[in-house]
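If you want the building blocks of each chain, they are given just below.
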Amino acid sequence: MAGKTPVITKIEPVVPLIKPRLRVAAYARVSMETDRLMHSLSAQISYYSDLIQKNPEWEYAGVYADRFISGTSIEKRSEFQRMIADCEKGLINIILCKSISRFARNTVDLLNTIRHLKELGIEVRFEKEQVNTLSSDGEVMLTLLASFAEQESRSISENSKWGIRKRIQKGTIGTANKHILGYRFDDQLQQYVIIPEEAETVRWMFRMFLEGLSFQKIADELNAAGIRTTLNNCFQEAGVRLLLYNEVYAGDALKQKYIMTDPISKIKVRNRGELPRYLYSDCHEAIIDRETYEKVKIEMKRRADMAHPVYFFTGLIRCEVCGGYYSRRMNHSKGHTYINWACRYKLDKKNCKSINIREDRLIAACIETVGEDYEKLISSMSIGENGDIHFTLSGGEVRTWTHPPIPVRIPKPKRERSLPKHLFDGMIFCGVCGRRYGRVISDRKDRHMYWRCRSKSGGPQTCDSVNYPNADIERIFCEVFGYSSFDADVFKSTVCKITVQRTGSIDFYTVDGEVRHYEALKLRENINSGTRTAAFQDRIRCAHCGNLYSQYVTKGKYVYWTCKGKRLAHAECTAINISDCKLRTIAAYVLGLDDFDSEVFETSIDYILAFTDGSLRFIYKDGSEKTWQKV
């Protein structure tokens, strides 16, 4: 009602009389296995357990402790991961931790974890720094303090590396790999000790390699013999290669083969000269004598050179067009093999207009310009765009070899069209792949002309479109547009594009923007398959003589349906036969299905009338009819 004053009622907030107890947990971590740190970890666990349980407003949710794991990453800390999972389950409200460095020494990991917990409404309190993550300045303080913790970790790492390198130089450091195939490391002797059974396996590996077996074949032989690696795994090609190249088996030890570039990510890479390496010679008993070990190294280099051979011209010839180097390529043509040198950029299909030069011609140019001892005299070469070769000798002299003139190729005249231009050229498109239809003259006696998709020419057929006789397209145009006969001028003034669909239906696009559709199912006459459909039995009736159709098989697999009246004595039935696979296609088309379904057919169709012109009339069980006319 207009003008009525609303009644306002104040709803007071309901404050619970007893606040729920907060579920509180603690996190502790030590990174090294020492008595002092283990005592520290035990003290932390006891301290936080007592602290949480003595507070009447808190409920004890446990202490999560990781032992002997670095804080530079959270991935390998199982207790830390379990604590985060319990937070996500809603089992924890507050986390207590001694310091930021105990929680994480990686700034990114720390901030990502704290923000995730903050979204869950979980508070983290760091006792040493007096930081509360849910406070207004908590994240700013965390960012600064976490950066200090990360930098402290880097400083500790550098100090540790310095100490390790000093011990390496003095020869007083052990090894991280306590068990390598054939050896175990004795901590008292501070050296490798031979394991006799495994040593025999190592000697067998070296013998097989010198006998010519590949790394993969050696691995297969070891696996077939039931021998496993020190981790009880099957041998792999890469593992065999590393073992055969390991200097430990010759009684040596190479220190600092790998280095850690970043203490946070802890990624190790091979030391390729960034830092000095230290070789301890004859530091333990050898399994393989030094002569055999050197033979293996020489054989490895020989096999590597065979896989990636280096020739005299490799890395010597520079392209004057693009600045790249020439590479050796082997080409095959008409049963002959030719070796060419070509610019790498050109081989990579980049924009370089340099010319290729055959190796025999290149050697002949070197001998002609420099002499027989060209390999000792030439320091560098370059090839110009016209093929001239410039030789720079070791003394600084420059000599030039002039390439013979390249004959000018006269382009072949274009062949005239074998067929004159047709009215439909460039107007018929494939509705399957989008390409144009091309004109084809049949090889049959009648030499009739038809149109087919260009994707079906020059190789395997990649398009499932149908072909169309030229006369059929003209007839269908007249039928769609209501003309009694086809007229080329009328067609040009009416239609601008024709699209043939997969089923054989045709869309005519008029110059006025209209689309006229011709619905059809055009069967592919040359396609057949060995189907046999029981649903057609006693359901096909001849419209000419009234007899039922029966099936017969040709070539042992192709099924056709034919009128029984054609087999009776003195019968004059002219009904045509129809293959089972095409009848399935027609039935699916009439029923509006993508593929034939016997159950749908039997429940929908009463019988089929077959006419002498090839058309089929489908009589539905409800009395309705639908006729398919052969295109």
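Located above this text is the structure these notes cover.
Conventions adopted
- Residues numbered from 1 in each chain as written.
- Predicted model: local features only at pLDDT ≥ 70, side-chain atom pairs only at ≥ 80, totals over all residues.
- Heavy atoms only, no water.
- Helix = DSSP H or I, 4+ residues; strand = E, 2+ residues; numbered from the N terminus.
- Buried < 20%, exposed > 50% of the residue type's maximum accessible area, 1.4 Å probe, protein only.
- Contact = heavy atoms within 4.5 Å.
- Polar contact = N/O pair within 3.5 Å; in protein donor to acceptor, adjacent residues only side chain to side chain.
- Salt bridge = Lys/Arg side-chain N within 4 Å of Asp/Glu carboxyl O.
- Pairing = 2+ DSSP bridges.
- Axes fitted to C-alpha atoms, helices over the stretch in contact; angles between N-to-C directions.
- Parallel < 35°, antiparallel > 145°, perpendicular 65-115°, else oblique.
- Left-handed = near helix turned anticlockwise from the far one by under 90°.
- Nonpolar A, V, L, I, M, F, W, Y, C, P; charged D, E, K, R; others polar.
- Expected span 1.5 Å × (residues − 1).
- Phe/Tyr/Trp six-rings, centres within 6.5 Å; stacked < 30°, edge-to-face > 60°.
- Lys NZ or Arg CZ within 6 Å of the ring centre and 35° of its normal.
- Lys, Arg positive; Asp, Glu negative; His and termini not counted.

1. Describing the overall build of the chain
The helix and strand inventory of the chain stands at 16 helices and 33 strands. In the chain, which comprises 631 residues, the share counted as buried stands at 37%. Long-range contacts, defined as pairs at least 24 residues apart, comprise 49% of the intrachain contacts of the chain with a sequence gap of at least 6.

2. Some details on the environment of N470
Checked against the element boundaries, N470 lands in helix 13 (residues 470–481). By relative accessible area, which is 8% here, N470 ends up buried. Aside from chain neighbours lying at most four places away, what touches N470 is H422, F424, M449, Y450 and W451. A polar side-chain atom of N470 sits 2.9 Å from a polar atom in the side chain of W451.

3. Here's the deal with the pattern of salt bridges
Counted by the stated rule, this structure contains 16 salt bridges. Two residues, K295 and E291, come together in a salt bridge whose shortest N-O distance is 3.8 Å. Within this pair, K295 and its partner E291 are both found in helix 9 (residues 290–307), separated by four residues, close to a single helical turn. Of the residues examined, E291 reaches a relative accessible area of 54% and is grouped as exposed. Measuring nitrogen to oxygen at the nearest pair gives 2.8 Å for the salt bridge that ties E514 to R516. One continuous salt-bridge network, built from bridges that share partners, spans E299, R302 and R303.

4. Some details on the sheet that holds strand 19 (residues 398–401)
Taken together, four strands build an open sheet; the order of strands is 13-17-18-19 and the sheet is mixed. Each edge of the sheet is formed by a strand with only one pairing partner; in this case those strands are strand 13 (317–319) and strand 19. The mean angle between the axes of side-by-side strands here comes to 25°, regardless of whether they run parallel or antiparallel. Across four bridges, strand 18 (residues 389–393) lies against strand 19 in antiparallel orientation. Paired with I389 across the bridge in strand 19 is W401. Here helix 11 (residues 359–369) sits on the sheet in contact with strand 13, strand 17 (378–383), strand 18 and strand 19, set at roughly 130° to strand 19.

5. Concerning the packing of helix 6 (residues 196–210) against helix 7 (residues 215–224)
Each packed pair of helices is defined by two parameters, the angle between the axes and the distance between the axes. Between helix 6 and helix 7, the shortest axis-to-axis distance is 10 Å and the interhelical angle comes to 140°. Taken together, helix 6 and helix 7 sit at an angle that is classed as oblique. Handedness of the crossing formed by helix 6 with helix 7: right-handed. Touching T201, W204, M205, M208 and F209 of helix 6 are F215, I218, E221 and L222, all from helix 7. Of the residues that constitute the contact of helix 6 with helix 7, the class distribution is seven nonpolar, one polar and one charged.

6. A word on helix 13
Counted at 1.5 Å a residue, the expected span for helix 13 with its twelve residues is 16 Å, and the 17 Å between its end C-alpha atoms agrees. Every buried residue of helix 13 is listed here: N470, D472, I473, I476, F477, C478, V480 and F481. At the C-terminal side of helix 13, G482 shows a positive phi close to 80°.

7. Concerning the packing of aromatic side chains
Any aromatic ring pair is given by two values, namely how distant the centres are and how the planes are angled relative to each other. If you walk through the whole model with that rule in mind, you get 29 aromatic pairs. Aromatic side chains Y552 and Y560 sit 5.9 Å apart centroid to centroid with 25° between the ring planes, which places their arrangement in the stacked category. On the basis of relative accessible area, Y560 is assigned to the partly exposed category, the value being 23%. The side chain of R77 reaches across the aromatic face of F80, ending 4.6 Å from its centre. Seen from the ring of Y509, K497 lies directly overhead, with NZ or CZ sitting 5.2 Å from the centre.

8. What about the side chain of D66?
Summarising the element assignment, D66 is placed in strand 2 (residues 58–67). Lacking a salt bridge, the buried D66 has R77 as its closest oppositely charged neighbour, with an N-O distance of 4.9 Å. A polar atom in the side chain of D66 sits 3.0 Å from the backbone nitrogen of E79. Reaching out from D66, the side chain makes a polar contact with the backbone nitrogen of F80 at a distance of 3.2 Å. Apart from residues lying up to four places away in sequence, D66 is in contact with Y27, A28, R29, V30, R77, S78, E79 and F80.

9. Topic: the sheet that holds strand 21 (residues 437–441)
Pairing is antiparallel across the open sheet formed by three strands, whose spatial order is 21-22-23. Pairing within the sheet leaves two strands with one partner each, and these edge strands are strand 21 and strand 23 (468–469). In this structure, strand 21 lies alongside strand 22 (residues 449–453), joined through five bridges in antiparallel fashion. The residue bridging V440 from the neighbouring strand is Y450, located in strand 22.

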